[in-house]
Amino acid sequence: MNDPAESATETERSTTQEEEEEEEEEEEVSPKDFVATLAAREGWSQPLVQYKKYWFRPGLLERILLVRQAFVPRADDIILATQPKCGTTWIKALAFTITNRSRHGLDDDHPLLTRHPQHVVPFIEIPGAGADHPDIHALPSPRLLATHMPMSLLPPGTRSVGCRVVYLCRDPKDALVSRLHFENKVFKGANLSMDGAFGMFCEGFSPYGPFWDHCLEYWRASVARPDNVLFLKYEEIKSDPVQVVRKLAEFLGVPLTEEEESAGVARAVVRLCSFEKLTSLQVNQVGGVRHSESVHVSNSVFYRKGVVGDWANHMSHEMGDKLDRIVQHKLDGSGLVF
Ligand code: PAP
């Protein structure tokens, strides 16, 4: 009989072995020199290079290789993992609010009223992502950190020390539409078409893609090690956010108490982190971070529509069906469905 938990564990185990062998090869050259040996492929607003089946901007891959060497995981770290445009801002806001509620409460002086959710939870591998990016090594425990890295590229040790990982994914059609808008806004002169982006995405060629492999790695880990990896979907939060807040609080080791339940804390967390509330705040409307002459990430670019199913306004139903079929085929037998 094929037990999904057993085969997920087996898949994880063989991946770890492969990783160890490949890591030995990398250690011989600097990340910069190593990345320079990889062929770049054009198509998105910046060229991407492929490493262990995943596609990255070269500078970012260099950062990933560096943090794999330097990052020291702690047992009580919480890592929020996403593929870009799958709800990173939202899960950062929710996890930050839930884990800090005994310190900040949910009142008028809550940090999210004056700080962008992207900035209150730093990325492990993207140092310039927040205007006030802290030194993550100096942060007090327990640290709340974010990443877009595939599970197989998380710094070694994150698994063995037992870090908790929350993975948030989203219907790939909506993630693609969100990606296209983001690229065309953030990168100066970018003018990607839906048809072009769709073709690349369907091939598995997208930043941090193939989309399905990224999801599958975290999915299998969540099946094999449910106490360490929580797998969530954007659509699930949309349909029952209060229930997800409870689930998150439980998983993160800070379950809602009976008093909090009676006081409506879960609903208050949902309200504070809602698209409507966050977009009404000045900090999420103005300002931003300039990464280079051609890349400006405004605070408002992380909020567009925040709905499920917007893909239908940007691609044909035939395209939607095609992408669904590709993704279904790639996920076949895993138990993960969109
Ligand atoms: P990142 O992965 O690049 O860091 P991310 O937050 O995942 O960014 O992408 C933004 C998407 O999340 C946008 O989706 P859309 O383009 O389909 O609209 C954005 O609107 C959505 N989003 C941001 N904050 C929220 C929120 N509080 N609730 C629901 N959706 C949100």
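Remember, it's a predicted structure, so these values are computed and weren't measured experimentally.

Rules used throughout
Each residue is numbered by its place in its chain's sequence as written, counting from 1. In view of the model being predicted, local features appear only for residues whose pLDDT reaches at least 70, and side-chain atom pairs are presented and counted only at 80 or more, with totals across whole chains, interfaces and linings using the full set of residues. Only hydrogens and water are set aside; all other atoms, that is, all heavy atoms of the structure, feed into the side-chain values. Whenever a carboxyl oxygen of Asp or Glu lies within 4 Å of a side-chain nitrogen of Lys or Arg, that contact is scored as a salt bridge. What counts as a helix is a DSSP run of H or I of at least four residues, what counts as a strand is a run of E of at least two, and both are numbered from the N terminus. Between buried and exposed lies partly exposed: a residue is buried under 20% and exposed over 50% of the maximum accessible area for its type, with that area taken using a 1.4 Å probe on protein chains only. For this analysis, a polar contact is any N or O atom pair within 3.5 Å, provided that within protein one partner can donate a hydrogen and the other can accept it, and provided that sequence-adjacent residues contribute only side-chain to side-chain pairs. Any two strands with at least two DSSP-identified bridges between them are counted as paired. Note on method: axes are straight lines fitted to C-alpha atoms, helices fitted across the in-contact stretch only, with angles between N-to-C directions ranging 0 to 180 degrees. For classification purposes, an angle smaller than 35 degrees is called roughly parallel, one larger than 145 roughly antiparallel, one from 65 to 115 roughly perpendicular, and anything else oblique. A crossing counts as left-handed when the near helix is turned anticlockwise from the far one by less than a right angle, and as right-handed when that turn is clockwise. Here, residues are in contact when the closest pair of their heavy atoms is within 4.5 Å.

J.: Tell me what's going on with the pattern of salt bridges, and back it up with residues and numbers.
T.: Counted according to the given criterion, the structure contains eleven salt bridges. Of the charged contacts, one joins Arg41 and Glu203 as a salt bridge, the two residues approaching to 3.1 Å between their closest N and O atoms. One end of the pair, Arg41, is in strand β1 (residues 40–41); the other, Glu203, is in helix α8 (residues 194–203), with 162 residues separating them in the sequence. Assessed through its relative accessible area of 29%, Arg41 is described here as partly exposed. Judged by relative accessible area, which is 53%, Glu203 ranks as exposed. The residue Arg143 makes a salt bridge to Asp77 at a minimum N-O spacing of 2.7 Å. Within this pair, whereas Arg143 is found in the loop between α6 (117–120) and β5 (144–147), its partner Asp77 is found in the loop between α3 (58–70) and β4 (78–82), the two being separated by 66 residues in sequence. With respect to class, Arg143 is no different from Asp77; both count as buried. One connected set of salt bridges, linked through shared partners, spans Asp171, Lys173 and Asp324.

J.: Explain unusual backbone geometry to me, and be specific about the residues and the numbers.
T.: Residue Ser141 is joined to Pro142 through a cis peptide bond whose omega torsion reads -5°. On the secondary structure map, Pro142 appears in the loop between α6 and β5. Cis geometry marks the peptide bond from Gly209 to Pro210; its omega dihedral reads 5°. Mapped onto the fold, Pro210 is located in the loop between α8 and α9 (211–224).

J.: How would you summarise the environment of Asp324 if you had to cite specific residues and measurements?
T.: As for its position among the elements, Asp324 is in helix α15 (residues 317–331). Exposure remark for Asp324: the relative accessible area of 28% places this residue in the partly exposed category. Sequence separation between Asp324 and Cys202 is 122 residues, and the spatial gap between their C-alpha atoms is 9.7 Å. One polar contact links Asp324 to Lys173, side chain to side chain, over a distance of 2.9 Å.

J.: Explain the sheet that holds strand β3 (residues 54–56) to me, using residue names and the numbers behind them.
T.: Hydrogen bonding along the main chain pairs the strands of a sheet, whether they run parallel or antiparallel. Pairing within the open sheet is antiparallel, and its three strands lie in the order β1-β2-β3. For this open sheet the edge positions go to β1 and β3, each flanked by a neighbour on one side alone.

J.: Can you explain the packing of helix α7 (residues 172–186) against α8? Please cite residues and give values.
T.: Across the interface, α7 lies against α8 with an axial gap of 10 Å and an inter-helix angle of 130°. On the basis of their axis angle, the class for α7 and α8 is oblique. Note on packing geometry: the crossing formed by α7 with α8 is right-handed. Residues Pro172, Leu176, Val177 and Leu180 of α7 pack against Met194, Ala197, Phe198 and Phe201 of α8.

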